[in-house]
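Descriptive structure summary
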Amino acid sequence: MILAVIAWCVLHPFRELELGWLYWLRTDRPVSDKIWIVSIDEEIEKTNKPIPHSRYAQLIDALFEQYNSLQIGFDVFFGEDQKNDDILTKAVAKAGCVYFGIPSVDGKGEEYPVTGFSCPCNLKGTTDKIIELSGMQSALSDSVLQNAAGIGHIANIETRVIKRIPLIVRYHGKLYPSLVLQIAGDYFCKSLHIPREQLEIVLIGDYISLRKKHTNNLLCQIPVDEKCQMLVNFAETNKDSFAFRVRSIGDILNLPASEELKEKIVLAGGVTNTTGDMYPSPFAIYPGVGILANALENIIDNRFLHQPLKDSGFFLFPILIALISCGMSDKRLKWQIWVAIAGVAVYFVGVWCCFEYGVWLELLRPVVVWSGVMGWVMIEGKRKLEKEVQKKEE
């Protein structure tokens, strides 16, 4: 048992590496048709320069007037373009549904306004572990930001494989909602005809709740960890698939509006390595705008990936102790072998089935510990049997 506990602790850093295996084993799940993506890669490849703000203004006008887009979010690094800021400001103000993602930077950043969306100042529970950003930076002018429907961070805090994204961060002593959380909150308000001033964000225990003020009417409950990070439930299962529909800026401006893309949520960003906005996901290198799209879909369609027991499988220890007791007195070695194999197989199938339904249970550590302990049980049982045979012979 001591070796089992040691193995449990040693394998702890590897527990999330198995997430990629589970995605590979999982069958493809349907993706929401409420979200689609506008790719900016083709525009950048043509000129090898940042896209002019006037071009983004044309895109916003087309999405608002021809596609009747519910919300337009930008996961884009905007370059300096002061001469076209007035054009972009007018387009943003006219649409009234444009959201800008602001990346985090190292060192001291500039304060940015959060317009039209109150900060979640009524959080309950422990908030001291919420991630604090050192700086936020944007080349957009104040006039553009002040006319936006919302402004939120798009920081990917994890430095290795992106599995979680922060929904709330601390910046200069204040708590701010992410771009995804703001778009999701406004989506619920529009769908349920609730004034956005009546929406509040409450952190209670392991959940961020979106609800109407002064009521218990929950619009959504989002499972998060102690840092207010949400585990992203990716729709894709391998590197060759991208579930969300993608159109280029040229398609939007030059082709007739498709009926199936009207009245949807639109996210604009890079989907190839042209923009450099690519991150390692559990199964492939993945675009940042795709990570946001998956997280947003999880929230609005309630398709979360739950991790109810972070040390799932620990409950096996009492079972193992009972089996050890039986095994030490049982002379049937074959029975012990079949119990070990069946236990591993049943747990593996159980983990796979749970993941299909959005529940992540650990796979590696419980199986290794189970196999190790059962191996020890069989060895000790064999030794005991040999001793009993020797006594009879004597």
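Residues numbered from 1 in each chain as written. Predicted model: local features only at pLDDT ≥ 70, side-chain atom pairs only at ≥ 80, totals over all residues. Heavy atoms only, no water.

1. What to know about the nonpolar core
Ile208, Ile222, Leu296 and Ile299 are the most contacted members of the largest nonpolar core, which totals 60 residues. In contact with isoleucine 299, other than residues within four places in its own chain, are Val180, Ala184, Phe188, Cys220, Ile222, Met230 and Phe304. By size, the runner-up hydrophobic cluster in this structure holds 34 residues, among which are Tyr56, Ala62, Tyr67 and Val266. (Core = buried A, V, L, I, M, F, W, Y, C linked by side-chain atoms within 4.5 Å. Buried < 20%, exposed > 50% of the residue type's maximum accessible area, 1.4 Å probe, protein only. Contact = heavy atoms within 4.5 Å.)

2. What to know about the environment of alanine 95
In this structure, alanine 95 sits in helix H5 (residues 85–95). Since its relative accessible area comes to 10%, alanine 95 is described here as buried. For the pair alanine 95 and alanine 148, spaced 53 residues apart in sequence, the C-alpha separation works out to 9.0 Å. Apart from the residues lying within four places of it in its own chain, the contact partners of alanine 95 are Ile60 and Phe64. (Helix = DSSP H or I, 4+ residues; strand = E, 2+ residues; numbered from the N terminus.)

3. Some points on the sheet that holds strand S10 (residues 218–223)
Ordered in space as S8-S9-S10, the three strands form an open sheet in which the pairing is antiparallel. The sheet terminates laterally at strand S8 (199–204) and S10, the two strands that pair on one side only. Shown here is a sheet whose adjacent strand axes are inclined to one another by a mean of 20°, direction ignored. Where strand S9 (residues 207–212) meets S10, five bridges bridge the pair, whose relative direction is antiparallel. Looking at the pairing, isoleucine 208 lines up with isoleucine 222 of S10. The sheet contacts of helix H7 (residues 179–192) involve S8, S9 and S10, and relative to S10 the element is tilted by about 155°. (Pairing = 2+ DSSP bridges. Axes fitted to C-alpha atoms, helices over the stretch in contact; angles between N-to-C directions.)

4. A closer look at the confidence of the model for the protein
A residue-level look at the protein finds 75% of positions with pLDDT of 70 or above and a mean pLDDT of 78. Contacts of residues 106–121 to residues separated by more than four positions or lying in other chains number 46 contacts, the stretch itself having pLDDT below 50. (pLDDT = per-residue confidence, 0-100.)

5. Considerations on the sheet that holds strand S4 (residues 150–153)
The parallel open sheet is built from six strands, whose spatial order is S4-S3-S2-S13-S1-S12. Every other strand in the sheet has two partners, leaving S4 and strand S12 (246–248) as the edge strands with one partner each. Each strand axis lies, on average, 25° off the axis of its neighbour in the sheet, ignoring direction. Pairing of strand S2 (residues 71–75) with strand S13 (residues 265–269) involves five bridges; the strand directions are parallel. In the strand pairing of S13, phenylalanine 74 is matched with alanine 268. The sheet strands contacting helix H9 (residues 288–300) are strand S1 (35–39), S2 and S13, and the helix crosses S13 at an angle near 160°.

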